[in-house]
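Letter by letter, the chains look like this.
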Amino acid sequence: MVEDNDEKIELQNLGQDEDNNLEDSGVVGCCHLNAHPSNCCKAPRGKYHSFNWLADIPGEFNDYELVEVTFKNTRKGFYRNSTNIPLQIGDIVAVEANPGHDIGTVTLVGSLVKKQVKKANLRPNVEFLRIFRKAKESDLQHFEAAKARETDTMIRSRKIAEELGLNMKIGDVEYQGDGNKAIFYYIADERVDFRQLIKVLADTFKIRIEMKQIGARQEAGRIGGIGPCGRPLCCSSWMSSFVSVATGAARYQDISLNPQKLAGQCAKLKCCLNFEVDTYVEASKQMPQRDILLYTKDSTYYHFKTDIFKREITYSTDKNMPVNLVTIPAARAFEVIALNKQGVKPDMLNPDAAAAKAERKEFGDIIGQDSLTRFDKKKKKKNKNRQGGGGQQQPRNGDGAPRQADRPDAPRQQNGNANGGNGSNRRKASNNRNRRGDNNSGNNGNRQGNRPPKQSDANNKPADE
């Protein structure tokens, strides 16, 4: 048991030593599971990130003098590791600057840096600056203090440029790691003489000034944002080189030439218009040309629009407006063109259109839910036929007695003589309801429709009997 406990303690100490070594090397978190420290999750990701797929290959692939270092605003450079400092992706280093030193992050090491240098088209006789050391705590403190001054410096520099009457916009300010130099990024549509501005900025901030002009697309990439597609802007996420975009790309893709739809956040044409234009150009070569007319016996058809995905073409009988539109496949269009070249005019442009139309069934409202008066209350029909003293008699049942269902609202009369005292009561009720003012007396004043008394015995018979 003692030996088992000793073994457990040794394993725990060994695990703690390994964790401490990983923390000292800057490998933390999920990097415990990676095979190589260069795959560390704290490595920066962005448009200039390159995955080191040669990290696990032994040999001379990971031994190269140059190192790729990235700074703020997507600025990066290649520096010479002359002192052979063991560097990994994600390390913060102090590099040589002119003057002083700058603070950056290592984004790529090994032989892949050679390919990146070749891709950057640098001059063969270019002189690479050196890497001094890994950044110390004092270096990071000076760097954070310099970054804290960037926003205030940008606002004050904008006011100074406005006071000098310069037609330019200062978009951002980047301080060097030691705080002795600052780069001012500006946008201008025309040439600007900012010599006086540099003097005023140098006297105001007591630093060395460098002005760098950028375009509208570069500014949108630095600021970032969400595009109309719902994803982050391409210029801020992965695009590093910008190609000119023309309105011809929108015409090839049959996109509406609406400036508000075609322009991005930089007020320029969207870069994504060039992504699929080559595919549309190749597909359009397999479709009939738009200036070819189709002749039939009934009319002449002009090109109206083309659906690249369905390989269908819509033709119109009018050249300038959509009239009698007919949509046919591309194969049918080539067939008609071949017939026209032979001097033959087909009867119809699309003979299968009439047969393909399905018979339209008449609409039938089975449930009655489409009626406009389905929620209206139905009015009760009132019996306006009235019976006087010597007039028409009431309808009677089969046994000769009056029907009781004709007037459900009439008062029921109990046993008694209908021509007796109850007759006067009925006359009073009739006068109160209808205000007729009938002055007739006797048994002939009963209203038509009043329900007669129930015939409980043989004595209760109508008066006319």
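If you're wondering where the values come from, they're calculated on a predicted model, not measured in any experiment.

1. Quick word on the overall build of the protein
Looking only at helices and strands, one finds 13 helices and 12 strands in the protein. Relative to its full complement of 465 residues, the protein shows a buried share of 31%.

2. Re the side chain of T306
Tracing the chain through its elements places T306 in strand β10 (residues 300-307). On the basis of relative accessible area, T306 is assigned to the buried category, the value being 12%. Side chain to side chain, T306 and H303 meet in a polar contact 2.6 Å long.

3. What to know about the packing of aromatic side chains
Each aromatic ring pair is specified by the distance between its two centres and by the angle formed by the two planes. One pass over the structure, following the stated rule, counts four aromatic pairs. A centroid spacing of 6.1 Å and a plane angle of 75 degrees characterise the contact between F71 and Y79, whose relative ring orientation is edge-to-face. Judged by relative accessible area, F71 falls into the buried class, the value being 9%. Owing to a relative accessible area of 9%, Y79 belongs among the buried residues under this scheme. For the pair Y280 and F309, a centre-to-centre distance of 5.9 Å together with 85 degrees between the ring planes defines the contact as edge-to-face. In this pair, Y280 sits in helix α10 (residues 277-284) while F309 sits in the loop between β10 and β11 (312-316), placing the two residues 29 residues apart along the sequence. For F309, a relative accessible area of 68% puts it in the exposed group. One residue, R75, lies across the ring of F71, its end atom 4.4 Å from the ring centre. One Lys or Arg, R222, reaches over the ring of Y185 and ends 5.6 Å from the middle of that ring.

4. Some words on the pattern of salt bridges
Counted by the stated rule, this structure contains 17 salt bridges. Among the ionic pairs, E174 bridges to R75, the shortest N-O distance being 2.8 Å. Within this pair, whereas E174 is found in strand β6 (residues 169-175), its partner R75 is found in the loop between β1 (66-70) and β2 (76-80), the two being separated by 99 residues in sequence. Residue E174 is classed as buried on the basis of its relative accessible area, which comes to 3%. A salt bridge links E335 to R332; its shortest N-O distance comes to 3.4 Å. Of this pair, E335 and R332 both sit in helix α11 (residues 330-341), three residues apart, which is roughly one turn of that helix. One network of salt bridges, in which partners are shared, links K72, E150, D172 and R222.

5. Let's talk about the sheet that holds strand β8 (residues 208-213)
Pairing within the open sheet is mixed, and its three strands lie in the order β6-β7-β8. Each of the sheet's edge strands pairs with one partner strand only, and the pair in question is β6 and β8. Going across the sheet, the axis of each strand differs from the next one's by a mean of 25 degrees, ignoring polarity. Judged from the six bridges that link them, β6 and strand β7 (residues 181-187) form a sheet pairing that is antiparallel. By the bridge assignment for β7, D172 is matched with Y185. Where helix α5 (residues 195-205) meets the sheet, it contacts β7 and β8, and its direction lies at approximately 140 degrees from that of β8.

6. Observations concerning the sheet that holds β11
Strand order across the open sheet formed by four strands is β9-β10-β11-β12, with antiparallel pairing between neighbours. The sheet is open, and its two borders are formed by β9 (294-295) and β12 (326-329), each paired with just one other strand. Sheet analysis places β10 next to β11, joined by five bridges and oriented antiparallel. Counterpart to T306 in the pairing with β11 is I313. α11 contacts β9, β11 and β12 of the sheet and is inclined by roughly 95 degrees relative to β12.

7. Some remarks on unusual backbone geometry
Residue P99 follows N98 across a cis peptide bond; omega there is 0 degrees. Here P99 is to be found in the loop between β3 (92-96) and β4 (101-108). Non-glycine residue K206 carries a positive phi angle of around 60 degrees. By secondary structure assignment, the location of K206 is in the loop between α5 and β8. Judged by relative accessible area, which is 67%, K206 ranks as exposed. One non-glycine residue, N324, lies in positive phi territory at about 50 degrees. Accessibility expressed as a relative area gives 56% for N324, which makes it exposed.

8. A closer look at the confidence of the model for the protein
Residues with a pLDDT of 70 or more make up 66% of the protein, whose mean pLDDT is 75. Considering only residues more than four positions removed or in separate chains, one finds that residues 1-44, a stretch of pLDDT under 50, has 34 contacts. Note on residues 436-450: pLDDT under 50 across the span, and 31 contacts to partners over four residues away in sequence or across chains.

9. Overview of the packing of helix α4 (residues 150-163) against α5
It is at 11 Å that the axes of α4 and α5 come closest, and there the two elements cross at 140 degrees. It follows that α4 is oblique to α5 by the angle criterion. Two packed elements cross with a definite hand, and for α4 against α5 that hand is right-handed. Counted together, T153, R156, S157, I160 and A161 of α4 and L197, V200, L201, T204 and F205 of α5 form the full contact between these two elements. Classifying every residue of the contact of α4 with α5 gives six nonpolar, three polar and one charged.

Rules used in this analysis
Residues numbered from 1 in each chain as written. Predicted model: local features only at pLDDT ≥ 70, side-chain atom pairs only at ≥ 80, totals over all residues. Heavy atoms only, no water. Helix = DSSP H or I, 4+ residues; strand = E, 2+ residues; numbered from the N terminus. Buried < 20%, exposed > 50% of the residue type's maximum accessible area, 1.4 Å probe, protein only. Polar contact = N/O pair within 3.5 Å; in protein donor to acceptor, adjacent residues only side chain to side chain. Phe/Tyr/Trp six-rings, centres within 6.5 Å; stacked < 30°, edge-to-face > 60°. Lys NZ or Arg CZ within 6 Å of the ring centre and 35° of its normal. Salt bridge = Lys/Arg side-chain N within 4 Å of Asp/Glu carboxyl O. Pairing = 2+ DSSP bridges. Axes fitted to C-alpha atoms, helices over the stretch in contact; angles between N-to-C directions. Contact = heavy atoms within 4.5 Å. pLDDT = per-residue confidence, 0-100. Parallel < 35°, antiparallel > 145°, perpendicular 65-115°, else oblique. Left-handed = near helix turned anticlockwise from the far one by under 90°. Nonpolar A, V, L, I, M, F, W, Y, C, P; charged D, E, K, R; others polar.

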